[in-house]
Amino acid sequence: MTTTIRTSLVEALASIVGSRFAGQVEDPSTLLDAAGPLSQPPRADAWVRPKTPGEVAGVLAWCYERGVAVTPRGGATGLSGGAVPLSGGVVIALDRLTRVGGVDHRRWLLDVGAGVTTAHVHRLARENGLNFPPDPGAAEQSQIGGNIATNAGGPHALKYGATRAWVTGIEAVLAPGELVRLGAPVRKDSSELDLKSLLVGSEGTLGIITGALVRLTPAPEERVGGLALFADARAGATAVGDLLASGVLPAAVEYFDAATLALVAATCPVELPTGTAFGLLIEVDGRAGEAAREWREVEDALAGSSSAVLRAGTAGELQRLWDWRHSFPGVVMTLRGGFRSGDVVVPVDQLADALQRTGEIGREYGLRTCSFGHGGDGNLHPAFMIDPRDAGEIERAHRAADALADMALELGGTVSGEHGIGSLKARFMARQCSPAVLRAQAAVRLALDPKLLLNPGKKVLPAPEARGDPIPSIAS
Ligand SMILES: Cc1cc2nc3c(=O)[nH]c(=O)nc-3n(C[C@H](O)[C@H](O)[C@H](O)COP(=O)(O)OP(=O)(O)OC[C@H]3O[C@@H](n4cnc5c(N)ncnc54)[C@H](O)[C@@H]3O)c2cc1C
């Protein structure tokens, strides 16, 4: 884009949102997301921060008419490069869409703008004695719009499901600039083709979410949890599937392997028995009395396989275990300065094999690797550690991620459990989906965005001839 065109683009955006909230992109490197330098280099001409759905519609209508690409950006905590603009054009930041419509107690619903942070949604629910279960790890930064766009999960997705299960209505702007409301404040609906669910997990390719009506549920009266520890990794990973097969459904079953423990054992709030090679952080919840009974069932189910099951004695102790668990990504980050996070998901009875093969992949590509994640969901988050300045190491991490994707597909899983596809995993889609399924997905994208201007180069890539300008991929 020439300087003159860029100037007129910014002037047009400023006329919609006000001059303080639109500008030229001076330094594209500020537009990375939490995947950091693993993404392709950002390329954008202008940024805009609308305050209302009407302003979002104005921006999209203007861009659509002139063929300008638009990349939506929430809290930029995504780990797949989804919010990173690749094709120039406009980055539309949704952080000013912070309207809070209030909690509807009779219907257990909360009406919020897309830019409200996940943590604030949790606070609003809690203040009203209710619960919003989806709990992705970077909740103070991530936004509800970003959570919906990625169908975010988190530890409690095991019992409660990922974000999709908690969205009953979406307000969005479609590519040509039309504001639409999808869904209704009802508990069931078999009327329309379900465009609302289609937008969940669409990563900004089908429309820009401006608000949502999310479901809440009564907060559990009691939570009980603790650590289950194993001297043998395979026994520990197998125990996860056995636990669920025994008929217990914990709220969360988080796993961590020996390589993770080597990094975080020193900060563990409880002393770990020597020889611990695998661990689970397990939580059960329910009405008073129910959770304690369920915890006893957990202890019984794990008695034969674990070396110890340590129950947190108080709510404070359980919270310290969760704080410890949430510290893992930060600790891993300090080791070499970066890591490529995997997010594959396999059937839970394949967890042991998946973990063993993850270790083999790390060794094959010469990358220090550890793995922790949502064991009950079979959702692995291996961290392939990299020095962000080392291009060779970054390349090896991409190849390890390729091998990880193949492994998950071989075991009957998928290439992403909750982080989404973004640009980093777009090439995996052709391995996961048959040509007919790929064509159908590309057709949906083209139907809603005929000029392919929304988040180009992400998620499902329509055929090059439909796409126009080809987007370079990281590695073939
Ligand atoms: C430390 C850490 C822990 C994490 N733990 C988890 C976890 O446990 N579970 C989990 O699921 N994820 C986790 N994540 C990943 C990330 O937090 C989630 O993917 C989150 O949902 C992204 O939200 P965001 O607002 O930051 O979105 P962004 O990163 O800004 O964007 C993500 C995608 O959504 C699109 N998008 C954003 N907002 C909108 C909108 N309003 N309309 C349309 N499209 C939009 C973007 O274009 C992009 O494609 C973690 C990340 C970090 C850094």
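Owing to the predicted nature of the structure, the values given are computational and were not obtained by experimental measurement. (Residues numbered from 1 in each chain as written. Predicted model: local features only at pLDDT ≥ 70, side-chain atom pairs only at ≥ 80, totals over all residues. Heavy atoms only, no water.)

Trainee: Looking at this model, I keep getting lost on helix H1 (residues 3-17). Mind explaining?
Mentor: In an α-helix, one turn spans 3.6 residues, which is why side chains three or four residues apart end up on the same side. Between its terminal C-alpha atoms H1 stretches 21 Å, which fits the 21 Å expected from 15 residues at 1.5 Å a residue. All buried positions along H1 are accounted for by Leu9, Val10, Ala12, Leu13, Ala14 and Val17. Check the buried side of H1 and you find it contacts strand S1 (22-24), strand S2 (46-48), helix H2 (53-66) and strand S4 (90-93). Remark: glycine 18 follows H1 within two positions and exhibits a positive phi of approximately 100°. (Helix = DSSP H or I, 4+ residues; strand = E, 2+ residues; numbered from the N terminus. Expected span 1.5 Å × (residues − 1). Buried < 20%, exposed > 50% of the residue type's maximum accessible area, 1.4 Å probe, protein only. Contact = heavy atoms within 4.5 Å.)

Trainee: What's the story with the sheet that holds strand S9 (residues 179-183) in this structure? I'm lost.
Mentor: By way of backbone hydrogen bonds, the strands of a sheet pair with one another, either parallel or antiparallel. Read from one edge of the open sheet, five strands run S5-S6-S10-S8-S9, paired in antiparallel fashion. With partners counted over all chains shown, the strands left at the sheet margins are strand S5 (100-104) and S9, one partner each. Each adjacent strand pair in this sheet contributes to an overall mean axis angle of 15°, direction not counted. Summarising the sheet, strand S8 (residues 167-173) and S9 pair through five bridges and their orientation is antiparallel. Its bridge partner lying in S9, glycine 169 is registered against glycine 183. Lying on the sheet, H2 is in contact with S8, S9 and strand S10 (208-215); it crosses S8 at an angle near 45°. (Pairing = 2+ DSSP bridges. Axes fitted to C-alpha atoms, helices over the stretch in contact; angles between N-to-C directions.)

Trainee: What exactly am I supposed to notice about the confidence of the model for the protein here?
Mentor: Reading fine detail from the predicted coordinates is not recommended where pLDDT is low. Predicted confidence across the protein gives a mean pLDDT of 95, with 97% of residues reaching 70 or more. Across residues 465-476, where pLDDT falls below 50, the model places 21 contacts with residues more than four positions away in sequence or in other chains. (pLDDT = per-residue confidence, 0-100.)

Trainee: Explain helix H13 (residues 391-410) here, please?
Mentor: Helix length check: H13 (20 residues) gives 29 Å between terminal C-alpha atoms against 28 Å at 1.5 Å per residue, within 8%. Every buried residue belonging to H13 is among Glu393, Ile394, Ala397, His398, Ala400, Ala401, Asp402, Ala403, Leu404, Ala405, Met407 and Ala408, and all of these are buried. In the core, the buried residues of H13 are packed alongside helix H11 (328-336), strand S16 (338-341), helix H12 (351-364), strand S18 (379-386) and helix H14 (429-432). The N-capping residue of H13, defined by a side-chain oxygen 3.0 Å from the backbone nitrogen of glycine 392, is aspartate 390. Immediately downstream of H13, the backbone of glycine 412 shows phi near 90°, a positive value. (Polar contact = N/O pair within 3.5 Å; in protein donor to acceptor, adjacent residues only side chain to side chain.)

Trainee: What should I look at first to understand the nonpolar core in this one?
Mentor: It is characteristic of soluble globular proteins that their nonpolar side chains tend to be buried jointly. Core analysis: the largest hydrophobic core is formed by 41 residues, its most contacted members being Leu280, Ile282, Val298, Leu302 and Leu380. For this core, the secondary structure elements donating two or more residues are strand S12 (222-230), helix H7 (233-245), strand S13 (252-257), strand S14 (278-286), helix H9 (290-302), H12, S18 and H13. The element contributing the most residues to this core is H13, with seven residues. Apart from the residues lying within four places of it in its own chain, the contact partners of leucine 280 are Gly226, Leu227, Ala228, Phe230, Gly236, Val240, Val253, Glu254, Tyr255 and Phe256. The next biggest cluster of nonpolar side chains, apart from the first, holds 28 residues, and it includes Tyr160, Val167, Ala212 and Ala251. (Core = buried A, V, L, I, M, F, W, Y, C linked by side-chain atoms within 4.5 Å.)

Trainee: I would appreciate a short explanation of the side chain of aspartate 135 in the present structure.
Mentor: With respect to the helices and strands, the residue aspartate 135 is situated in the loop between strand S7 (130-131) and helix H4 (144-150). Among buried charged residues, aspartate 135 stands out as having no salt bridge; its nearest opposite-charge side chain is arginine 223, 7.3 Å away. A distance of 2.5 Å separates polar atoms of two side chains, one belonging to aspartate 135 and the other to histidine 156. Ignoring any residue separated from it by four or fewer positions in sequence, one finds aspartate 135 in contact with His122, Gly153, Gly154, Pro155 and His156. (Lys, Arg positive; Asp, Glu negative; His and termini not counted. Salt bridge = Lys/Arg side-chain N within 4 Å of Asp/Glu carboxyl O.)

Trainee: Would you mind going over a nonpolar patch on the surface with me for this structure?
Mentor: A cluster of nonpolar side chains, namely Leu195, Leu198 and Val444, defines an oily patch on the protein surface of about 200 Å² accessible area. Counting through the fold element by element, leucine 195 comes out in helix H6 (residues 195-199). A relative accessible area of 36% places leucine 195 in the partly exposed class. (Patch = residues over 30% accessible without salt bridge, like charges linked within 9 Å, V, L, I, M, F, W, Y side chains within 5 Å. Areas by Shrake-Rupley, 256 points an atom, 1.4 Å probe, with all protein chains shown as cover.)

Trainee: For this particular structure, what's the right way to read the site of the ligand?
Mentor: Around the ligand, a shell composed of 35 residues is seen, among which Pro72, Gly74, Gly75, Thr77 and Gly78 lie nearest. Take threonine 150: an N or O atom from its side chain is 3.0 Å from an oxygen atom of the ligand. Asparagine 455 places a side-chain nitrogen or oxygen 3.2 Å from an oxygen atom of the ligand. Looking at the shell around the ligand, the elements with two or more residues in it are strand S3 (70-73), H4 and S10. Of the residues contributing to the shell around the ligand, the split by class is 13 nonpolar, 19 polar and three charged. (Near = heavy atom within 4 Å. Nonpolar A, V, L, I, M, F, W, Y, C, P; charged D, E, K, R; others polar.)

Trainee: I tried to follow the pattern of salt bridges on my own but got confused; where do I start?
Mentor: Oppositely charged side chains can form a pair if their charged atoms are brought close together. Per the counting criterion, the structure on display carries 21 salt bridges. A salt bridge links lysine 159 to aspartate 285; its shortest N-O distance comes to 2.6 Å. Placement of lysine 159 in helix H5 (residues 157-160) and of aspartate 285 in strand S14 is noted, with a sequence separation of 126 residues between them. Taking the shortest distance from any N to any O, the salt bridge between glutamate 221 and arginine 287 comes out at 3.0 Å. A residue pair is termed long-range when its members are at least 10 positions apart, and glutamate 221 in the loop between strand S11 (217-218) and S12 and arginine 287 in the loop between S14 and H9 qualify at 66 residues. By relative accessible area, which is 52% here, glutamate 221 ends up exposed. In this structure, a network of salt bridges that share partners links the residues Asp402, Asp406, Arg427 and Arg431.

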